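Fold and contact review
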Amino acid sequence: MSVARSTSTMQSSDGDHHRSPGSVIEMYGDELESPTTSSKTGSGYAIDGYSLYDDDATTETAKRGRFSQLLNHLGTVYSDQLESNPIRTKSLTAGTLALVGDLLAQGIELSFDNTGEDSTGLDGWRVFAMFIEGLCFSGPSMHYAYEFYEHLFPIVRCDCVEPIVHEDVQILDSKGNVIRVADFKTQWKNVVIHVAFDQIFMAMWYVAGLMIVTCVIEGHSDDLLNELQNDYFRNLGASYLAAALFFAPVQIYAFGKLEKSYRVLAVNTIDILWVTVMSIVTHLNRGESESFIKSVLIPMLSMIGENIVYST
């Protein structure tokens, strides 16, 4: 058994009250006297005004409480980082979720691989390329794009009236007088404009960036132009189809309900599925990744070295 608590009034031998009704008294082990009456309750026993709880139930409740506190703490830390380092936080978030999306994509590809050829397993350079694309391209792009959308077509409008009292928000001075009243309204027309611009025009930018960054890092830079010519519009069409079927409606809801700083997180979370689809489509005609160091950096350094030697 664990801690015993009482919410009843305690009296001394002379009858004086030392605790007011509702106060909590904790007693442990030998301090508990033999009960005169007892009754079983939900997860323990009530004995003479004391509630004794089973250790298993108490431990489980404590675990849930600690997990909830951990989530709240992580949420607070993330919010603070969004305020103090918005681009870095959004970029790291985009890179991490792109990595998760590509892991899902490779898992799906391996599950449906019916070619009979020996699989080489997980393509590490491909995972790394997707992470770098999200970190250095998609994340920063979305940050500045959403700032630009909000500047042109603000989603939340504030109609301020003075000194009429409005039920939504009352802004008071130090004496409690209403000095300004703010009526915040979501402009759903602008929400639709944001999403349409993002899914139609910015998709062209995102798809191109995804193909270029991953192609170079995966060691296929020699095939980049041919890949863009042959596969770009197919990949863009896959993005449009995915947006029409799922992503655009969910994004409309997220844009309309969330603050601007959280939209990148929401869209990146939704886009785990988009990244999964686009990673599969992008790598349909692309071979296994080569070492970025071997295929790009070493030839580049060799070329620079040769130029230095010849120039001297």
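See the structure printed just above.
As the structure is a prediction and not an experimental result, all values here were calculated from the model. (Residues numbered from 1 in each chain as written. Predicted model: local features only at pLDDT ≥ 70, side-chain atom pairs only at ≥ 80, totals over all residues. Heavy atoms only, no water.)

**Structural notes on the overall build of the chain**
The condition is simple: Runs of E in the DSSP output that reach at least two residues are strands. Runs of H or I that reach at least four are helices, and both are numbered from the N terminus. The classification of residues rests on relative accessible area computed with a 1.4 Å probe and restricted to protein chains. Under 20% of the type maximum is buried, over 50% is exposed, and intermediate values are partly exposed. Note on contacts: a residue pair qualifies if any of its non-hydrogen atoms lie within 4.5 Å across the two residues. Here, Shrake-Rupley sampling with a 1.4 Å probe gives the accessible areas, and only protein chains in the shown set may cover a residue.
Along its length, the chain carries eight helices and eight strands. Burial analysis of the chain (312 residues in total) assigns 33% to the buried set. Put simply, 67% of the contacts in the chain that link residues at least 6 apart link residues at least 24 apart. Total accessible area on the chain is roughly 19200 Å²; 61% of this is exposed by carbon and sulfur atoms.

**A short note on empty space enclosed by the protein**
Where empty space is left can be seen by rolling a probe of water-molecule size over the atoms. Formally: Site definitions follow a grid-based scheme: protein atoms alone, a 1 Å grid, a 1.4 Å probe that fits but cannot get out for cavities, and for pockets an open set with protein on both sides within 12 Å along at least five of seven lines, plus lining residues having an atom within 4 Å of a point. Grid points are joined across faces, edges and corners, and a volume is the space filled by probe spheres set on the points. Under the grouping applied here, Gly and all other residues not named as nonpolar or charged are polar, the nonpolar ones being Ala, Val, Leu, Ile, Met, Phe, Trp, Tyr, Cys and Pro and the charged ones Asp, Glu, Lys and Arg.
Counted by the stated rule, this structure contains one cavity of 30 Å³ or more. In this structure, the largest cavity spans a volume of roughly 280 Å³. Lining the largest cavity are 23 residues, and of these Met-142, Tyr-206, Val-267, Asp-271 and Trp-274 lie nearest its centre. For the lining of the largest cavity, the secondary-structure elements that each account for two or more residues are α2 (86–111), α3 (124–152), α4 (188–200), α5 (202–217), α6 (224–257) and α7 (260–282). Tallied by class, residues from the lining of the largest cavity come to 14 nonpolar, six polar and three charged.

**Digging into the side chain of Asp-198**
Along the chain, Asp-198 turns up in helix α4. Those residues in contact with Asp-198 that sit more than four places away from it in its chain are Tyr-146, Tyr-149, Ala-203, Tyr-206 and Gln-251.

**Focus: the packing of α4 against α6**
Just so we agree on the cut-off: Angles here are taken between N-to-C directions and fall from 0 to 180 degrees, while the axes themselves are lines fitted to C-alpha atoms, restricted in helices to the stretch in contact. What makes a crossing left-handed is the near helix being turned counterclockwise from the far one by less than a right angle; a clockwise turn instead makes it right-handed.
Relative to each other, α4 and α6 sit at 140°, their axes nearing to 9 Å. For the pair α4 and α6, the crossing hand works out as right-handed. Facing α4, whose interface residues are Trp-188, Val-191, Val-192, His-194, Val-195, Asp-198, Gln-199 and Ile-200, α6 presents Tyr-240, Ala-243, Phe-247, Ala-248, Gln-251, Ile-252, Phe-255, Gly-256 and Lys-257. The class makeup of the residues in the contact of α4 with α6 is eleven nonpolar, four polar and two charged.

**Overview of the environment of Asp-223**
Relative to the helices and strands, Asp-223 is located in the loop between α5 and α6. Here the alpha-carbon distance between Asp-223 and Arg-286, two residues 63 residues apart in the chain, equals 9.1 Å.

**Comments concerning the packing of α3 against α4**
In a pair of packed helices, the angle between the axes and the distance between the axes together describe the arrangement. Interhelical geometry of α3 versus α4 gives an angle of 145° and a closest axis separation of 10 Å. Where α3 crosses over α4, the handedness of that crossing is right-handed. Across from Tyr-146, Tyr-149 and Glu-150 in α3, the residues of α4 making contact are His-194, Phe-197 and Asp-198.

**A look at the packing of aromatic side chains**
To be explicit about the condition: Centres within 6.5 Å are what make two rings of Phe, Tyr or Trp a pair, Trp counting through its six-membered ring; a difference in plane orientation under 30 degrees is then read as stacked, over 60 as edge-to-face, and the rest as tilted.
Scanning the model with the defined rule gives eight aromatic pairs in all. Pairing Tyr-146 with Tyr-149 gives two aromatic rings, centres 5.6 Å apart and planes at 45°, and the pair type is tilted. A residue pair is termed a helical-turn pair when its members lie 3 or 4 positions apart in one helix, as Tyr-146 and Tyr-149 do in helix α3 at three residues. The class of Tyr-149 is buried, set by a relative accessible area of 4%. With centroids separated by 5.4 Å and ring planes inclined at 80°, the aromatic side chains of Tyr-149 and Phe-197 adopt a geometry described as edge-to-face. Separated by 48 residues along the polypeptide, Tyr-149 in helix α3 and Phe-197 in helix α4 bring together distant segments of the chain. Taken together, Tyr-146, Tyr-149, Phe-197, Phe-201 and Phe-255 form an aromatic cluster joined through their ring pairs.

**Details of the nonpolar core**
Among soluble globular proteins, nonpolar side chains are generally buried collectively. To keep it simple, the criterion reads: Only buried residues count toward a nonpolar core. Its members are Ala, Val, Leu, Ile, Met, Phe, Trp, Tyr and Cys residues joined through side-chain atoms within 4.5 Å.
Counting residues in hydrophobic clusters, the biggest one holds 27 residues, and the most contacted among them are Tyr-146, Val-207, Phe-255 and Trp-274. When residues of this core are traced back to their parent elements, those giving at least two are α3, α4, α5, α6 and α7. Top contributing element to this core by residue count: α6, with seven residues.

**Comments concerning α3**
Worth spelling out the cut-off: Multiplying 1.5 Å by the residue count of a helix minus one yields the expected span of that helix. One fitted axis covers the seven residues ending at a residue, a second covers the seven starting there, and the bend at that residue is the angle between these axes. Think of a polar contact as two N or O atoms within 3.5 Å of one another; within protein, one of them needs to be a possible hydrogen donor and the other a possible acceptor, and neighboring residues in sequence only count if both atoms come from side chains.
The terminal C-alpha atoms of α3, which comprises 29 residues, lie 41 Å apart, in line with the 42 Å expected from a rise of 1.5 Å per residue. Along α3, the sharpest change in direction is near 40° and occurs at Gly-134. At the N-terminal end of α3, a side-chain oxygen is found 3.3 Å from the backbone nitrogen of Trp-125, two or three residues along, and the residue is Asp-123.

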